[in-house]
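Survey of secondary and tertiary structure
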Amino acid sequence: MKYTKCNFIMSVLGIIIYITDLIVDIWVSVRFFHEKQYIFGVLTLSFMLFGTLVVQCFSYSWFKADLKKAGQETQPYFLLLHCLQMGVFTRYWFALKNGYHIAFKYSSKTNNFMEEQIDLHKEVIDRVTDLSMLRLFETYLEGCPQLVLQLYIFLEQGQTNFSQYLSVMVSCCAVSWSTVDYQIALRKSLPNKNPLNGYCPKVTYLFYKLFTLLSWMLSVVLLLFLNVKVALFLLLFIWLLGIMWAFKQQTQFCTSFSMELLYRTVVGFILIVTFFNVKGQNTKCPMSCYYIVKVLTTLGILVVFWVYPLSIFNADYIRPISITIVLTLLLGIIFLIVYYGIFHPNKIEETKFDEIDGKSVQRDCRIRYFLME
């Protein structure tokens, strides 16, 4: 378990994408207000604020838990920083500062990977993994709704501007990057997990998540055109089912009951978009059921959309969008089968060390309670 220069570069790219995403969202919302499209402007800001507020809550809660675990008191300025929406940037500062020291300076002093180095690398990896998890939360709470909104506006108006194109592109990049980055960080931080090595597993996993997500996002947009109330009811129903699933699994992600409730609420929201493993258990059957329902729901929306005529929808887009939904859904399922059939790293037995060579790895970290599969 070693924090490398490549990991540091990925961390730097992560904060660049994070800042770009925020800037583009603010730019798009300001443009909407300038063009007097107040509803779209308010929705864009609301999605952005909702995602960042939830992420700040988790970040501050983790700061408190980590300091308490280390026998230290919570510093008042941590709360102030999170109230000012600077919690993630604070985490990036510590992670990049320590990561640069470990990856570029400390590693060049000696080639012997001793116990002291293991602890230093472990600390940095834990910080980076926390950031990856927060970015994942922010992406699915803010990036995916933004993607649906911008696609809806584009199809409704039949034209769009550069800022909206950029918003769609950045949202797709953020979703793709955060998903793959989290999967890499997850497996790097847990000793009983095989790492996600090689380009083929990473690319296959990326395409599996990206194609299934795009297919579902476009389907939701079509359903919004058919009937907004029905679309919202369907999303609310899936969200409640996701929360019930989290309660049934008896998740133990947070130390406090209130934060655990918030976590299960976020779990339900993410399950609207994609499937993930809540507790690290065998989820072959639940995941199969999840995607079977997703496929049937998507096909049902397409059938209704073709049968039910819509005068407000540009007819030139019907055929291309329908083909895109079917192709991305088919490709997503194919990549899913290939990933889990060929490239998925299987669990290995926990590594045991001789007492002379080193201490056994004890990882009582929050990451083991949230496994994205």
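This report concerns the structure included in the present document. (Residues numbered from 1 in each chain as written. Predicted model: local features only at pLDDT ≥ 70, side-chain atom pairs only at ≥ 80, totals over all residues. Heavy atoms only, no water.)

1. Description of a nonpolar patch on the surface
Using the following cut-off: Put simply, a patch holds well-exposed residues, over 30% relative accessible area, that have no salt bridge, with like charges counted together within 9 Å and Val, Leu, Ile, Met, Phe, Trp or Tyr side chains within 5 Å. Only the protein chains shown count as cover for residues, and all accessible areas are computed by the Shrake-Rupley method using a 1.4 Å probe. When a carboxyl oxygen of Asp or Glu lies within 4 Å of a side-chain nitrogen of Lys or Arg, that pair is called a salt bridge. Secondary structure elements are defined from DSSP: runs of H or I of at least 4 residues count as helices, runs of E of at least 2 residues count as strands, and each element is numbered from the N terminus.
Together, F233, F237, L241 and M244 make up a nonpolar patch on the protein surface, roughly 450 Å² of accessible area in all. With respect to the secondary-structure elements, F233 resides in helix α8 (residues 228-249).

2. Overview of the environment of I321
Among the secondary structure elements, I321 is positioned in helix α11 (residues 318-343). Each C-alpha atom of the pair I321 and S215 lies 9.6 Å from the other, and the pair is 106 residues apart in sequence.

3. Quick notes on the side chain of T204
The line we're drawing: Note on contacts: a residue pair qualifies if any of its non-hydrogen atoms lie within 4.5 Å across the two residues.
Following the sequence through the fold, T204 ends up in helix α7 (residues 199-226). Here T204 is in contact with F335, V338, Y339 and F343, once residues within four sequence places are set aside.

4. Concerning the nonpolar core
Applicable threshold: Put simply, buried Ala, Val, Leu, Ile, Met, Phe, Trp, Tyr and Cys residues joined by side-chain atoms within 4.5 Å make one nonpolar core. Exposure is judged per residue with a 1.4 Å probe applied to protein chains only, and the accessible area is read against the type maximum: over 50% gives exposed, under 20% gives buried, and values in between give partly exposed.
Of all hydrophobic cores here, the largest spans 80 residues; its most connected members are F58 and F137. Among the elements that line this core, the one with the most residues is helix α5 (residues 115-157), at 16 residues.

5. Quick look at the environment of H121
Summarising the element assignment, H121 is placed in helix α5. Taking the C-alpha atoms as reference points, H121 and A103, 18 residues apart in sequence, are found 8.7 Å from one another.

6. Structural notes on helix α10 (residues 284-307)
The cut-off we apply is this: Here the expected length of a helix is defined as 1.5 Å per residue gap, with one fewer gap than residues.
Helix length check: α10 (24 residues) gives 35 Å between terminal C-alpha atoms against 34 Å at 1.5 Å per residue, within 8%. For α10, the complete set of buried residues consists of M287, Y290, Y291, K294, T298, I301, L302 and F305. The secondary structure elements touched by the buried residues of α10 are α7, α9 (257-273) and α11.

7. Regarding empty space enclosed by the protein
Our working definition: Lining residues are defined by having an atom within 4 Å of a point belonging to a cavity or pocket. Those points lie on a 1 Å grid over the protein atoms alone, cavities being sets where a 1.4 Å probe fits but cannot get out and pockets being open sets with protein on both sides within 12 Å along at least five of seven lines. Grid points are joined across faces, edges and corners, and a volume is the space filled by probe spheres set on the points. Residue polarity is assigned by list, with Asp, Glu, Lys and Arg as charged and Ala, Val, Leu, Ile, Met, Phe, Trp, Tyr, Cys and Pro as nonpolar; anything else, Gly included, falls into the polar class.
In total, this model carries two cavities of 30 Å³ or more according to the counting rule given. Estimates place the volume of the largest cavity at around 220 Å³. S11, V128, S132, D181 and A185 are the residues nearest the centre of the largest cavity, which is lined by 18 residues in total. Going through the elements one at a time, α1 (5-34), α5 and α6 (162-189) are the ones with two or more residues in the lining of the largest cavity. The class makeup of the residues in the lining of the largest cavity is nine nonpolar, six polar and three charged.

8. Notes on unusual backbone geometry
The phi dihedral of K36 falls on the positive side, at around 65 degrees, and the residue is not glycine. Here K36 lies in the loop between α1 and α2 (38-69). For K36, a relative accessible area of 63% puts it in the exposed group.

9. Let's talk about the pattern of salt bridges
Counted under the stated rule, the structure contains five salt bridges. E35 serves as the salt-bridge partner of R31, at 3.3 Å between the closest nitrogen and oxygen. Of the residues examined, E35 reaches a relative accessible area of 34% and is grouped as partly exposed. A salt bridge links R264 to E260, with the nearest nitrogen and oxygen atoms 3.5 Å apart. Placement of the pair is R264 and E260 together in helix α9, with a separation of four residues, close to one helical turn. Each member of the pair, R264 together with E260, is buried.

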